[in-house]
Amino acid sequence: MFSVPKNVEALRRLAESDIPVLAFAFKRHGAEDWAPKHRHARGQLFALTRGLLVVEAGSERWMFPSQRCAWIPPECEHTARSAGGVEGSMVYLSAEACRGLPKRPCLFSSSELLFGIVHRALTWNLSQALNPAQKRLIAVLRDEIRQPEQQPLRLPIPREERLVKVAHALLDDFADNRTLDEWGHYAGMARRTFMRAFSVEVGMPFGRWRQQARLFAAVEMLAQGKSVTETAMAVGYDSVSAFIEMFRTMLGSTPQTYFRSKRERALK
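Nothing here was measured: the structure is a model prediction, and the numbers come from that model.

On to helix 6 (residues 191–202), then. Relative to the 16 Å expected for twelve residues at 1.5 Å per residue, helix 6 spans 17 Å between its end C-alpha atoms, a close match to the ideal helical length. Of the residues making up helix 6, those classed as buried are F194, F198 and V202. Along the axis of helix 6, the buried positions cluster into a sector of 35°, meaning they face one direction only. Set apart from the buried face of helix 6 by more than 90 degrees, the exposed residues are R192, R196 and V200. Looking at the buried positions of helix 6, the neighbouring elements they touch are strand 7 (154–156), helix 4 (161–172), helix 5 (180–187) and helix 7 (206–223).

Before going further, it helps to spend a moment on the pattern of salt bridges. Throughout the structure, instances matching the rule amount to twelve salt bridges. E87 is the salt-bridge partner of R50, the closest N and O atoms lying 3.3 Å from each other. Highlighted residues: R50 in strand 2 (residues 43–57) and E87 in strand 5 (residues 79–93), separated in sequence by 37 residues. R81 is the partner of E220 in a salt bridge, and the nearest nitrogen-oxygen pair spans 2.6 Å. One end of the pair, E220, is in helix 7; the other, R81, is in strand 5, with 139 residues separating them in the sequence. The same class applies to E220 and to R81, which are both buried. Overlapping salt bridges bring together E60, R104 and R154 as one network.

In an α-helix, one full turn covers 3.6 residues, which means residues spaced three or four apart are oriented alike. Taken as a whole, helix 5 has its buried residues at W183, G184 and A187. End-on view of helix 5: buried residues confined to an arc of 100°, all on one side of the axis. Considering only its buried residues, helix 5 is in contact with helix 4, helix 6 and helix 7. One or two residues past the end of helix 5 sits G188, with phi positive at roughly 75°.

Tallied over the entire structure, the rule returns eleven aromatic pairs. Aromatic pair F26 and F46: ring centres 6.0 Å apart, planes at 85°, arrangement edge-to-face. With F26 in strand 1 (residues 21–28) and F46 in strand 2, this residue pair connects regions lying 20 residues apart in the sequence. On the numbers, 5.8 Å between centres and 55° between planes, the contact of F194 with F198 is tilted. Placement of the pair is F194 and F198 together in helix 6, with a separation of four residues, close to one helical turn. For the pair shown, F194 and F198 are each scored as buried. Put simply, the rings of W183, Y186, F194, F198, F206 and W209 pair up and form one aromatic cluster.

Thresholds, definitions, all that
Residues numbered from 1 in each chain as written. Predicted model: local features only at pLDDT ≥ 70, side-chain atom pairs only at ≥ 80, totals over all residues. Heavy atoms only, no water. Helix = DSSP H or I, 4+ residues; strand = E, 2+ residues; numbered from the N terminus. Expected span 1.5 Å × (residues − 1). Buried < 20%, exposed > 50% of the residue type's maximum accessible area, 1.4 Å probe, protein only. Arc of directions from axis to C-beta. Contact = heavy atoms within 4.5 Å. Salt bridge = Lys/Arg side-chain N within 4 Å of Asp/Glu carboxyl O. Phe/Tyr/Trp six-rings, centres within 6.5 Å; stacked < 30°, edge-to-face > 60°.

Laid out in structure tokens, this is it:
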């Protein structure tokens, strides 16, 4: 593997250069709190093999679990944190290489093709221009980034002050089971006014948003090694089977299998 400079100034010069592709392996031990808001001139593709990343950009949150790839476009102001210890590889694409690619963060399934290209890029000499074979691989990489999957782990955050108050209360306590009338009262709104306003702000009914928020919390807890039963109770489910069914409906697999790669699931 080509030696990546450890010096921050050397890394900064690389990032600001006209080199179209930079690839690095990374590892973070344990959970990390939210990083300060920032942006990159380059697009970032993460190939995660352990843990998960939570990214907030604008009024939306995205969750990127292990065995998936995540895309953050250039000049997208965001903050991020990790959970469960994060490990994997990342590819930085120049602004020129990012033309025509998604303008919002997005998620990709556990594509062996994407992982394979990223791992191949780790061996490239950053001081040398791309050869024709490498350029072809980057063209395939760009084609793959143009085809993200649906975003079940996307959580819009309301902007209106009273609704933000409700959203943050739920994000602080996912097991909060207040009724719609009680949440409306908490927001200083009549029940119907609250329901209509929340739906307009986030593009989905309040009940669906609460389920989505609980799913976010559940995925993070599972990534940190919590049991399915403990997780279900923590996010407000009295029935573990109901929690598993919700998880399967939203993400297409049970909690026990979600963090396994496609290859591992095929061997079962």
